[in-house]
Amino acid sequence: MRIQSTIPWAIGAGLLWHGARSAVVRMERLAAAEIATKLSGDLKKVSVKTVPNGIFGGATGDMERVTIHASNFSTKGLPLFTETDRSRKGRIQNLFIGLENFRLGQLDILFLTATIPECRYDFNLAATKGQFRLSRSGTGFGGVAVEEDALERFVLAKFKEILSISIRCDRGWVWIEGEGEFLIVKTKFSVLAKLQQLDGTKIVLTRARVTFDGLPVDKEVAEAVLQSLNPVVDLNADLGLHGAIRLTNVDTNNGSLLAWGDTTIPNLPSDPKSPN
């Protein structure tokens, strides 16, 4: 009798789980399609995958893990924000974001990863319309890698003083050689420097040795050159990240610029085009 009495319950639970899983799969597909509309590129790929927290987590909006992966796209700024006025019924224990081979502003990025804990989202909106809207973001950790040739293109586009440039990144140092116009003087120059973070939002040259036409320059000229080139990258002004990454470390190795730090999904600004 006990075995027989459990059969209807098991069937009901199975049907409930199947229905919840079908709804989650639909939500994943629609959310990925919506995120894709905010990105450019004929070869872009976007996926959203979820792992419910427990058997019925999908039915209640309680997710152990949500993974957003995108590649081969371009965007002028951050495509995902937190909308604090929305429902917090949905929970994401860990939000993982993995982006590969994409352009952010004028900078080509090899990869960016971030894991952000304890996020909340509007579950009813996601379940009914497949629209993914975060309502709260925790603070996690992430990193980014930029190859030296991409950094060359970015510097040429950003700094009018630079006419041509070659950049090498390795063993904690960056070597910059090229032709530029500094202090109304057109010259071949070289800079050997370290990169470091400033205020958590900027990457700057420091401890630099500067030469013009192969000859060392005095301290005042070197400082003028650094002022012309710093910050090399401003995460908010250049990339439109709105505080999504707060750098703690910057390094170079084997042809790449590497940076990492605290990550979050920032609140939706009143003017999304504003860098601050």
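All values reported here derive from a predicted model rather than from experimental measurement.

For the protein chain, the helix and strand inventory stands at 5 helices and 14 strands. Across the 276 residues that make up the protein chain, the buried fraction comes to 45%. Sequence-distant contacts in the protein chain: of pairs separated by 6 or more residues, those separated by 24 or more amount to 59%. Counting only carbon and sulfur atoms, one obtains 54% of the accessible surface of the protein chain, whose full area is about 14600 Å².

Turning our eyes to something else, we now look at the side chain of Thr201. Checked against the element boundaries, Thr201 lands in the loop between strand E9 (185-198) and strand E10 (202-212). A distance of 3.5 Å separates the side chain of Thr201 from the side chain of Lys202, its partner in a polar contact. In this structure, Thr201 is in contact with Val233, Asp234, Leu235, Asn236 and Arg246, ignoring residues within four places of it in sequence.

A separate point is the packing of aromatic side chains. A full pass over the atoms with the stated rule returns 3 aromatic pairs. Ring geometry for Phe73 versus Phe102: centroids 4.9 Å apart, planes at 10 degrees, classification stacked. Linking Phe73 in strand E2 (residues 62-75) with Phe102 in strand E3 (residues 90-104), this pair joins segments that are 29 residues apart in sequence. The exposure class assigned to Phe73 is buried, which follows from its relative accessible area of 6%. Classification of Phe102 as buried rests on a relative accessible area of 4%. Here the aromatic rings of Tyr121 and Phe123 are separated by 6.3 Å at their centres, their planes lie at 85 degrees, and the arrangement is edge-to-face. Like Phe123, Tyr121 is buried. Joined through ring pairs, the aromatic side chains of Tyr121, Phe123 and Phe132 make up one cluster.

Moving on, we get to the pairing of E3. Working note: regular strand, side chains alternate between the two faces of the sheet. Bridging between E2 and E3 involves 12 bridges; their strand directions are parallel. The partner of Val66 across the bridge, within E3, is Leu95. Note: E3 against strand E4 (residues 107-121), 13 bridges, orientation antiparallel. Note on E4: the bridge partner recorded for Gly98 is Thr113. Here E3 folds back onto E4, and the loop between the two strands holds 2 residues, one of which, Gly105, carries a positive phi near 65 degrees.

With that out of the way, let us pick up the environment of Leu257. As for its placement among the helices and strands, Leu257 is situated in strand E14 (residues 256-263). Taking the C-alpha atoms as reference, Leu257 lies 6.2 Å from Glu147; in sequence the two are 110 residues apart. When neighbours within four sequence positions are excluded, Leu257 is seen to be in contact with Val144, Ala145, Val146, Leu151, Leu195, Ile203, Val250, Asp251 and Thr252.

So, about the confidence of the model for the protein chain. This prediction gives the protein chain a mean pLDDT of 89; 90% of its residues lie at or above 70. Within the model, the stretch residues 5-19 combines pLDDT values under 50 with 4 contacts to residues more than four positions away or in other chains.

Before going further, it helps to examine the pattern of salt bridges. Two side chains of opposite charge can pair, provided their charged atoms sit close to one another. Counting across every chain of the model gives 11 salt bridges. For Asp170, the salt bridge is made with Arg171, and the minimal N-O distance between the two is 3.6 Å. Using a relative accessible area of 24% as the deciding quantity, one classes Asp170 as partly exposed. Linked through salt bridges whose partners overlap, the residues forming this network are Glu34, Glu83, Arg86, Asp122 and Arg133.

With that settled, consider the side chain of Asp234. Here Asp234 lies in strand E12 (residues 233-234). From its side chain, Asp234 meets the backbone nitrogen of Asn236 in a polar contact 3.0 Å long.

Calculation rules
Residues numbered from 1 in each chain as written. Predicted model: local features only at pLDDT ≥ 70, side-chain atom pairs only at ≥ 80, totals over all residues. Heavy atoms only, no water. Helix = DSSP H or I, 4+ residues; strand = E, 2+ residues; numbered from the N terminus. Buried < 20%, exposed > 50% of the residue type's maximum accessible area, 1.4 Å probe, protein only. Contact = heavy atoms within 4.5 Å. Areas by Shrake-Rupley, 256 points an atom, 1.4 Å probe, with all protein chains shown as cover. Polar contact = N/O pair within 3.5 Å; in protein donor to acceptor, adjacent residues only side chain to side chain. Phe/Tyr/Trp six-rings, centres within 6.5 Å; stacked < 30°, edge-to-face > 60°. Pairing = 2+ DSSP bridges. pLDDT = per-residue confidence, 0-100. Salt bridge = Lys/Arg side-chain N within 4 Å of Asp/Glu carboxyl O.

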